[in-house]
Amino acid sequence: MGSIGQPLKRKEDHRFLTGRGKYTDDIVRPNQAYAYFVRSPYAHAKINGIDKAEAEKADGVVAIFTGADLEGIGGVPCGWQIHNKDGTPMAEPPHPALCTDKALFVGDEVAIVIAETKAQAKAAAQLVMVDYEPLPAVSSIKAAIAEGAPLVHADAANNRCFDWHLGEKDPVDAAFAKADHVVEMDVVNNRLVPNAMEPRSAICEYDPSSDMTTLWTTSQNPHLIRLLLGAFVLQIPEHKLRVIAPDVGGGFGSKIYLYAEETVVTWAARKLARPVKWTAERTESFQADAHGRDQIGHARLALDKDGNFLGLHIKNKANMGAYLSTFAPAVPTYLHGTLFAGVYKTPAIYVEVEAVFTNTAPVDAYRGAGRPEATYQLERLVDKAAAQLGMDKIELRRKNMIPKEAFPYQTPVALQYDTGDFIACLDLGLKSADWDGFEARREEAKKRGKLRGIGISTYLEACGIAPSALVGQLGARAGLYESATIRVHPTGSVTVFTGTHSHGQGHETAFAQIVADHFGVDFEAVDIQHGDTSQTAFGMGTYGSRSLAVGGSAIVKAADKVVAKGKKIAAHLLEASEADIEFEDGKFTVKGTDRSKTFGEVALTAYVPHNYPIEEVEPGLEETAFYDPKNFTYPGGCHICELEVDPETGMIEVCNITVADDVGRVINPMIVEGQIHGGVAQGVGQALYEGCIYDDDGQLLTGSYMNYTMPRAADLPMMTVGNHVTPCTHNPVGAKGVGEVGSIGVTPAVINAVVDALSPLGVKDIEMPATPQRVWAAIRAAQG
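Procedures and definitions
Residues numbered from 1 in each chain as written. Predicted model: local features only at pLDDT ≥ 70, side-chain atom pairs only at ≥ 80, totals over all residues. Heavy atoms only, no water. Axes fitted to C-alpha atoms, helices over the stretch in contact; angles between N-to-C directions. Helix = DSSP H or I, 4+ residues; strand = E, 2+ residues; numbered from the N terminus. Parallel < 35°, antiparallel > 145°, perpendicular 65-115°, else oblique. Left-handed = near helix turned anticlockwise from the far one by under 90°. Contact = heavy atoms within 4.5 Å. Nonpolar A, V, L, I, M, F, W, Y, C, P; charged D, E, K, R; others polar. Buried < 20%, exposed > 50% of the residue type's maximum accessible area, 1.4 Å probe, protein only. Lys, Arg positive; Asp, Glu negative; His and termini not counted. Salt bridge = Lys/Arg side-chain N within 4 Å of Asp/Glu carboxyl O. Polar contact = N/O pair within 3.5 Å; in protein donor to acceptor, adjacent residues only side chain to side chain. Pairing = 2+ DSSP bridges. Patch = residues over 30% accessible without salt bridge, like charges linked within 9 Å, V, L, I, M, F, W, Y side chains within 5 Å. Areas by Shrake-Rupley, 256 points an atom, 1.4 Å probe, with all protein chains shown as cover. Charge placed at Lys NZ, Arg CZ, Asp CG, Glu CD. Phe/Tyr/Trp six-rings, centres within 6.5 Å; stacked < 30°, edge-to-face > 60°. Domains from an automatic or database assignment. Buried area = accessible area lost by both parts, 1.4 Å probe. Disulfide = S-S within 2.5 Å. Expected span 1.5 Å × (residues − 1). Core = buried A, V, L, I, M, F, W, Y, C linked by side-chain atoms within 4.5 Å.

Focus: the packing of helix 14 (residues 507–519) against helix 15 (residues 547–573)
Packed helices, taken two at a time, are described by their axes: the angle between them and the distance between them.
Item 1. Here helix 14 crosses helix 15 at 30°, and the two axes come no closer than 10 Å. The orientation of helix 14 with respect to helix 15, classified from their angle, is roughly parallel. The way helix 14 lies across helix 15 gives a crossing that is right-handed. On the side of helix 14, the interface is formed by His507, Phe511, Ile514, Val515, His518 and Phe519, while helix 15 contributes Ser547, Leu548, Gly551, Gly552, Ile555, Val556, Ala559, Asp560, Val562 and Val563.
Item 2. Grouping the amino acids of the contact of helix 14 with helix 15 by side-chain chemistry returns 10 nonpolar, five polar and one charged.

Examining the side chain of Asp108
Item 1. Within the secondary structure layout, Asp108 lies in the loop between strand 4 (102–103) and strand 5 (109–115).
Item 2. Lacking a salt bridge, the buried Asp108 has Arg39 as its closest oppositely charged neighbour, with an N-O distance of 6.9 Å.
Item 3. Reaching out from Asp108, the side chain makes a polar contact with the backbone nitrogen of Leu104 at a distance of 2.9 Å.
Item 4. Sequence-distant contacts of Asp108, that is, excluding residues within four places in its chain, are made with Val38, Arg39, Ser40, Cys99, Ala103 and Tyr323.

Remarks on the sheet that holds strand 6 (residues 129–134)
Item 1. Here we have three strands laid out as an open sheet, ordered 4-2-6, and antiparallel in their pairing. Of all the strands in the sheet, just strand 4 and strand 6 have a single pairing partner and so form its edges.
Item 2. For strand 2 (residues 45–51) and strand 6, the ladder comprises six bridges, and the chain directions are antiparallel. Within strand 6, the position partnered with Lys46 by the bridge is Glu133.

Things to note about the sheet that holds strand 24 (residues 596–598)
Item 1. Taken in spatial order, the three strands line up as 22-23-24 in an open sheet, and their pairing is antiparallel. This sheet does not close on itself; its edge strands, each paired only once, are strand 22 (581–584) and strand 24. Across the sheet, the axes of successive neighbouring strands diverge by a mean angle of 20°, strand direction being ignored.
Item 2. In this structure, strand 22 lies alongside strand 23 (residues 587–590), joined through four bridges in antiparallel fashion. By the bridge assignment, Glu582 is partnered in strand 23 with Thr589.
Item 3. Set on the sheet, helix 15 makes contact with strand 22, strand 23 and strand 24; between it and strand 22 the angle comes to about 125°.
Item 4. Across the face of the sheet, helix 16 (residues 599–607) comes into contact with strand 22, strand 23 and strand 24 while running at roughly 75° to strand 24.

As for the environment of Glu690
Item 1. On the secondary structure map, Glu690 appears in the loop between helix 17 (669–689) and strand 28 (719–723).
Item 2. Sequence spacing of Glu690 and Ala462 is 228 residues, and the spatial spacing of their C-alpha atoms is 25 Å.
Item 3. Sequence-distant contacts of Glu690, that is, excluding residues within four places in its chain, are made with Asn190, Leu192, Val193, Gln682, Gly685, Tyr708, Thr709, Met710, Pro711 and Pro769.
Item 4. Side-chain polar atoms of Glu690 contact the side chain of Tyr708, separated by 2.6 Å.

Here's the deal with the pairing of strand 5
Item 1. Counting buried positions over the seven residues of strand 5 gives seven, a clear majority of the element.
Item 2. Looking at chain direction, strand 1 (residues 33–39) and strand 5 are connected through six bridges and run antiparallel. Each residue of the ladder has a partner; that of Phe37, found in strand 5, is Ile112.
Item 3. Bridge analysis of strand 3 (residues 61–66) against strand 5 gives five bridges, and the strand direction is antiparallel. Residue pairing in the sheet places Phe65 in a bridge with Ile112 of strand 5.

Quick word on the side chain of Ser201
Item 1. In this fold, Ser201 is placed in strand 9 (residues 201–207).
Item 2. For Ser201, a relative accessible area of 2% corresponds to the buried category.
Item 3. In terms of polar contacts, Ser201 uses its side chain to reach the backbone carbonyl oxygen of Trp278, at 3.1 Å.
Item 4. Setting aside residues up to four positions removed in sequence, Ser201 forms contacts with Thr24, Asp25, Trp216, Thr217, Thr218, Trp278 and Thr279.

Focus: a negative patch on the surface
Item 1. Where like charges cluster on the molecular surface, the negative patch consists of Asp580, Glu582, Glu584 and Asp585.
Item 2. Structurally, the position occupied by Asp580 is in the loop between helix 15 and strand 22.
Item 3. Among the residues examined, Asp580 registers a relative accessible area of 33% and is labelled partly exposed.

As for a nonpolar patch on the surface
Item 1. Together, Leu604, Tyr607 and Val608 line one region of the surface with nonpolar side chains, adding up to about 230 Å² of accessible area.
Item 2. Turning to its location among the elements, Val608 is positioned in the loop between helix 16 and strand 25 (622–627).

Observations regarding the packing of helix 9 (residues 371–389) against helix 18 (residues 741–758)
Item 1. Where helix 9 meets helix 18, the closest approach of the two axes is 8 Å, and the angle between their N-to-C directions is 30°. Here helix 9 runs over helix 18; the crossing is right-handed. Between helix 9 and helix 18, the contacting residues are Arg371, Pro372, Thr375, Tyr376, Glu379, Arg380 and Asp383 on the first element and Ser743, Ile744, Thr747, Pro748, Ile751, Asn752 and Val755 on the second.
Item 2. Looking at the contact of helix 9 with helix 18, its residues break down into six nonpolar, four polar and four charged.

Description of the packing of aromatic side chains
Item 1. In total, this model carries 19 aromatic pairs according to the counting rule given.
Item 2. Geometrically, the ring pair formed by Tyr409 and Tyr417 is tilted, given 6.2 Å between the ring centres and 35° between the ring planes.
Item 3. Tyr409 sits in the buried class, given a relative accessible area of 15%.
Item 4. With relative accessibility at 0%, the residue Tyr417 sits in the buried group.
Item 5. Among the aromatic residues, those joined into a cluster by ring pairs are Phe519, Phe583, Phe588 and Phe599.

Re the domain arrangement of the protein chain
Interfaces are frequently sized by the accessible area removed from exposure as the parts join.
Item 1. Under the domain assignment, the protein chain is made up of domain 1 (13–135 + 198–249 + 255–288), domain 2 (292–465 + 631–782) and domain 3 (481–627).
Item 2. The straight-line distance from the C-alpha centre of domain 1 to that of domain 2 is 35 Å.
Item 3. Across the boundary between the two partners, domain 1 contributes 31 residues, which contact 30 residues of domain 2.
Item 4. Together, the buried faces of domain 1 and domain 2 total about 2,500 Å²; carbon and sulfur atoms form 67% of this surface.
Item 5. Its largest share of buried area at the contact with domain 2, domain 1 owes to Trp80, Tyr257 and Phe286, together 29% of the area lost on that side.
Item 6. Across the domain 1-domain 2 interface, the total number found is one salt bridge.

Structural notes on the state of the cysteines
What is meant by a disulfide is a covalent connection between two cysteines, made through their sulfur atoms.
Item 1. Using the criterion set out here, one finds zero disulfides in the structure.
Item 2. No disulfide involves Cys161; its sulfur sits 7.7 Å from that of Cys78, the nearest cysteine.
Item 3. Judged by relative accessible area, which is 2%, Cys161 ranks as buried.
Item 4. Between Cys641, a free cysteine, and Cys655, which holds the nearest cysteine sulfur, the sulfur-to-sulfur gap is 8.0 Å.

Here we look at helix 18
Item 1. A rise of 1.5 Å per residue sets the reference length of helix 18, with its 18 residues, at 26 Å; its end C-alpha atoms lie 27 Å apart and thus fit the reference within 8%.
Item 2. Judged by how many residues are buried, helix 18 sits mostly within the fold: 18 of 18 residues are covered.

Considering the nonpolar core
Item 1. By size, the foremost hydrophobic cluster in this structure holds 193 residues, and its most contacted members are Trp80, Tyr417 and Leu688.
Item 2. A total of 11 residues in this core trace back to one element, the largest contributor, which is helix 18.
Item 3. If you count residues domain by domain, this core takes at least three from each of domain 1 (13–135 + 198–249 + 255–288) and domain 2 (292–465 + 631–782).
Item 4. Apart from the residues within four sequence positions on either side, Tyr417 is in contact with Ala341, Gly342, Ile402, Phe407, Pro408, Tyr409, Thr411, Phe422, Leu460 and Tyr634.
Item 5. The next biggest cluster of nonpolar side chains, apart from the first, holds 48 residues, and it includes Ala484, Ala510, Leu573 and Tyr627.

Given below as structure tokens:
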């Protein structure tokens, strides 16, 4: 029996569970110094001067650098360009690695202090005297677009970054003109802080003798960091810059980007010819990690008298923060607007997005990246439509779902879905959740004084972001292919070098399962290597649920090349035509005979070429492949949440969560279920607990776990996870992606359940997070 489809235990977990993982902060280099950043306490302030004289006298101080010292190096670049409706490019103000004239958000980097110990660096940082002149700040979308609002950047009029659209306006206007019903609502997607378990960290070492710079960093895509940092910021030739991302303790998108801190640490290490390490404190993570979500919008749905969707109009505003992070412009546009068809056959869709700068931390991709925001708007709107029309929420969805016979299906918002069976996922979810038995459970809860509600979300995600030619047209400043090198050793064991990066996904296990099955070798004989730009071919890292669909496909293509070369070698050994050689279950066999050579025998021959077709095939057995997808992949499904509300306190208990997903071909069901559990936890967190809040002056009010609530184990129920498989049709693995589905599908299901529980009291909507205070206030307001 092959290993694909088996719930094999994760190879990597042994070292993690026994404390043998090696993270960036674990790395210690000879003569290493430590860095601490001086950060702005103001959201918006002019910097009139910086006095570092006293700080330089402090114990252990090696050096202190400010923005003036970095003159001549490039700013932190943005990796995606969006164009306005009129075709002009977005506003793209510079992002200095250290502030020079102004600080633009609380936590903005002003200076770096380097000392013999971290404690000395931190103590000296308190002695750096910065002459700040506070300026009026804008800390929210509404404040930024208000008439006469202070400007974050002088060259971004009205604080606007871009004004973008997708779809055709005229057909949507026509749909609303003939509609029998129009449903509309305002929707807020609350701002989130990623909060990976491991804070960001970077250590850089420069070797003057070889002119080689090595940066260890907490990155989801080390090759992209090398490209941006070397070519665009510090002008270091790529062959002289090595970036290593060792074990990384979670990312959720926040570790995709090039940040100011690793930029300055790299520059300082080269300047001092001495290793420099920086590791964020948790407060710094709250302040300066790229945040997620933060959108407000108005959604309108046109329906005919029978409840058929006719048209959809979305008008959103997105917060970019103070600077453009690496992928930030793509999130509220092409990763968001393209998802508004969802699982439905809505014939006309028009999406408008205005993005603005504010005096807050930059906002970028966070688990799901644009897709959770779109799904939340759409699924809340569909629930409201059912209520307004007096229709059953399930039947309204079913009536408007794309049937499986309609695939491939072209949406009005650019995407073409290759395959899916949305109704099957819906039916599986309803059965697993015992939807029909809910009313009895509601009545039982009522006897206990509780309000029980049930909510559903039927969603679709576009992931495995690609192809390069398409995203290039959409503004991406990089390709989105993936690479893999497979090295077969003389004894038949295998090392795979992948351009993706694992920071909790289980690549060392799932990729090994693919290779073990492909070659017919033992699972334990396959080793997966990643994260080191000096070892792996240029790859694009891990985000957007792309690793298996894109990275796994590159591995399959490289494995096919290995087998093709193996057939040439086997044909020579077996004195047969190459065309007559078959490979199956780890053996190269001459068709129609019992003559064969094992995979290991062929591998040994490749490295000990005594009897070898040396004129035709070079020695060795190692192949590299790049895979550039033909399309996005489209996982989807149905999420159902059942919960109870205490009307006296507003407290919510989540009772059951049911997931029925289609993530394509499943390599390891245990890993898939774990990914879904993690995503669901974050989706529930957004719905009920998490909310990043700035006051009107731009001060971060939720800068620690004392006032930013994370979901805990006790807040989450056991989940029922089901999977209905329709394999992806355009990649060799058949996978669609699973890393983000939990955070996309569950959030609207939770809020729909809250509203369902409160609807008997007259509550029709509630903003996220639905905290006890907010729920209690909604109940009291409805009761007058």
